[in-house]
Amino acid sequence: MVSNWFRLGWQGLACALIFAFISSAIYGQYINYSPAPFMDYWNGVLRFYLESMQDPLAWWVQHNEHRIFLSKLLFWLDMRYFGGRSLLLVPVNTVLLLLTAGLLVAYARKLIPSEEGGSRLVLAGLMTMFCMAWMQNQNIVWGFQSQFILVYLLPLLSFYALARSRYDINRSGFWRFLSVFMGVISAYSMANGLLVLPVLVVLYWLMGEPVKRIFTVFMMFVVATLVFFIGYQSTAGSSLGPGVLFDRPWKILEFTLAYLGNPAYWIFGSVSAAIAAGMLAVAMALFFFWRRKSLVAEPYALALLAFIAYVFGSACVTALGRAFFDISLAASSRYTTPSLLMWAALIILLLSRLQGRVNAIPWVMLVVALLLIPLQMKAFTIDTSMFTPHQKAVAALSIRMRVDEEQAKRQLHPFYTPEEETYLFKARDAKVSIFSVDQEYPVDQLGKPLAQAGGESCTGAIEKSRPTETPFQATAVYGALDVSVLSETGYVLFGDADGLVKGIAIAGRDHPGYGGDVGERNFDGYLIGDSNFHGMRCVRK
């Protein structure tokens, strides 16, 4: 009877954790969402979409050293049907992560068939925490990140399909085809996806597949690689070559280990902790590989080992291309996803070895929850590590108003170059993304009568102003609305002496995550000309 209560308790905790991690990640997406193009979105999405309308080969043009053909399908759909506002891309990130969690649960159910400690529901809770952990928030919030998830989801599915073919005899041909197909398309999710087929060749050999099949997979690897390099152009990262191994061997080793131990950085706040965790991951993987003969009868365990080896290879390749960057880059949020998935795979293998001896599954779930929950709470606050949604909105307003302030451009792309500016102007002329027709208001009100611009009359004051470095005179302003103004205010319109709209500001800095005091209705924006104005109107969100 007591055992049943414990089982129900663990199951209840698992359900609560599943709900908490998924809902908190989605809420974090909501409060951090911005339709403004950010970082690589300018080149990877806007440039691709504009060029694809003129040249079909734009689908094949690489992004840095990568072919991201699969993600370009999503980018095109978002631009074409959702206005290029990431309304499709951001939810897709969640869907892909949940699919990854489901696939890890499928592995776990094959390797840990017992019902101990709250049954399979506890495993689902454990895998959900790994896949929805907020420490990887860049891959959750940013629209331009689906490829960072796909390049690990597809190999995980490829190796699983091969393992499944060993059991599902009646459909073994289908599963082997799916395995190779996933391996091939992985190469066109990101460059490190090229490693999937070589790992799959080794996995075929370890599982005792016929030489003919092994050779077939190898030839698929050769063909996929040759196709990948058709029209390939060398980049700064790819041009370093293996010679960097001899120039900076210890830097590459440290970067690789920190990459593998990335979650430890977020938990303990130290790159040294990440390196130590990376060393532990390598030791665990070597132990499981040393015991590989006992795993041969367990194809799913071999498949997980193959995935771990693939993550190791991805870490090494990334380290080669980032050898001249600071090692702290290995602990960035975008690299957290593969490390989390690798640790999930290691834990599944560990629990598989402990089953029948120690009832460890629920306790491991509890320990992981205690480590991740404090970080998961950050999903309820606006991320200020880069630029907040409000800052992005104000920067986008500058571009939409044709103020084109350099500071604003760098808030949307910190590494802004004249090339990005070219596609910014092209996007504005083509009226796509933030320049689309359905997002013209209130910029389209400039020069029109203030009284007819919408909203209602309100009061407030400009507290700070500065001239912008633009082709024509404009003023960046910061101020506060009167406390009687509706909290639903989204835009503030300013009039000139002739009663025409001369400036626009965005309200919303009253959220504590923006640095303003709670209750204040601050605004940021731009006025054409000086900071003097005659009349204000506040428009609801």
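Residues numbered from 1 in each chain as written. Predicted model: local features only at pLDDT ≥ 70, side-chain atom pairs only at ≥ 80, totals over all residues. Heavy atoms only, no water.

Undergrad: When you look at the side chain of Thr468 in this model, what are you seeing that I'm missing?
TA: Mapped onto the secondary structure, Thr468 falls in the loop between β2 (460-467) and β3 (474-481). Apart from the residues within four sequence positions on either side, Thr468 is in contact with Val403, Glu405, Ala474, Thr475, Ala476 and Tyr526. (Helix = DSSP H or I, 4+ residues; strand = E, 2+ residues; numbered from the N terminus. Contact = heavy atoms within 4.5 Å.)

Undergrad: When you look at the packing of aromatic side chains in this model, what are you seeing that I'm missing?
TA: To describe a pair of aromatic rings, one takes the distance between the centres and the angle between the planes. The tally for this structure, following the rule as stated, stands at 27 aromatic pairs. Between Phe38 and Trp142, the aromatic rings sit 5.3 Å apart at their centres with planes inclined by 75 degrees, giving edge-to-face as the arrangement. With a gap of 104 residues between them, Phe38 in the loop between α1 (2-32) and α2 (41-52) and Trp142 in the loop between α6 (137-141) and α7 (146-165) connect regions that are remote in the sequence. Both residues of the pair, Phe38 and Trp142, count as buried. Considering the side-chain rings of Phe494 and Phe533, the 5.1 Å spacing of their centres and the 75 degrees angle between planes classify their relative orientation as edge-to-face. One end of the pair, Phe494, is in strand β4 (residues 489-495); the other, Phe533, is in the loop between β6 (522-528) and β7 (536-540), with 39 residues separating them in the sequence. Residue Phe533 is classed as partly exposed on the basis of its relative accessible area of 24%. Chaining the aromatic ring pairs together yields one cluster made of Trp60, Tyr188, Phe228, Phe229 and Tyr232. (Phe/Tyr/Trp six-rings, centres within 6.5 Å; stacked < 30°, edge-to-face > 60°. Buried < 20%, exposed > 50% of the residue type's maximum accessible area, 1.4 Å probe, protein only.)

Undergrad: For this particular structure, what's the right way to read a nonpolar patch on the surface?
TA: On the surface, Tyr27, Tyr30, Ile373, Met377 and Phe380 cluster together into a nonpolar patch covering about 540 Å² of accessible area. Note that Met377 resides in the loop between α17 (361-376) and α18 (389-400). (Patch = residues over 30% accessible without salt bridge, like charges linked within 9 Å, V, L, I, M, F, W, Y side chains within 5 Å. Areas by Shrake-Rupley, 256 points an atom, 1.4 Å probe, with all protein chains shown as cover. Salt bridge = Lys/Arg side-chain N within 4 Å of Asp/Glu carboxyl O.)

Undergrad: Mind showing me how you'd approach helix α3 (residues 69-81) here?
TA: What sets the pattern is the α-helix's 3.6 residues per turn: residues three or four places apart point alike. If you check α3, its first and last C-alpha atoms are 18 Å apart, about what 13 residues at 1.5 Å a residue would give, namely 18 Å. Along α3, the residues that are buried comprise Ser71, Lys72, Leu74, Phe75, Asp78 and Met79. Projected down its long axis, α3 carries its buried residues within an arc of 160 degrees, all on one side. Packing partners of the buried residues in α3 comprise α2, α4 (89-111) and α7. (Expected span 1.5 Å × (residues − 1). Arc of directions from axis to C-beta.)

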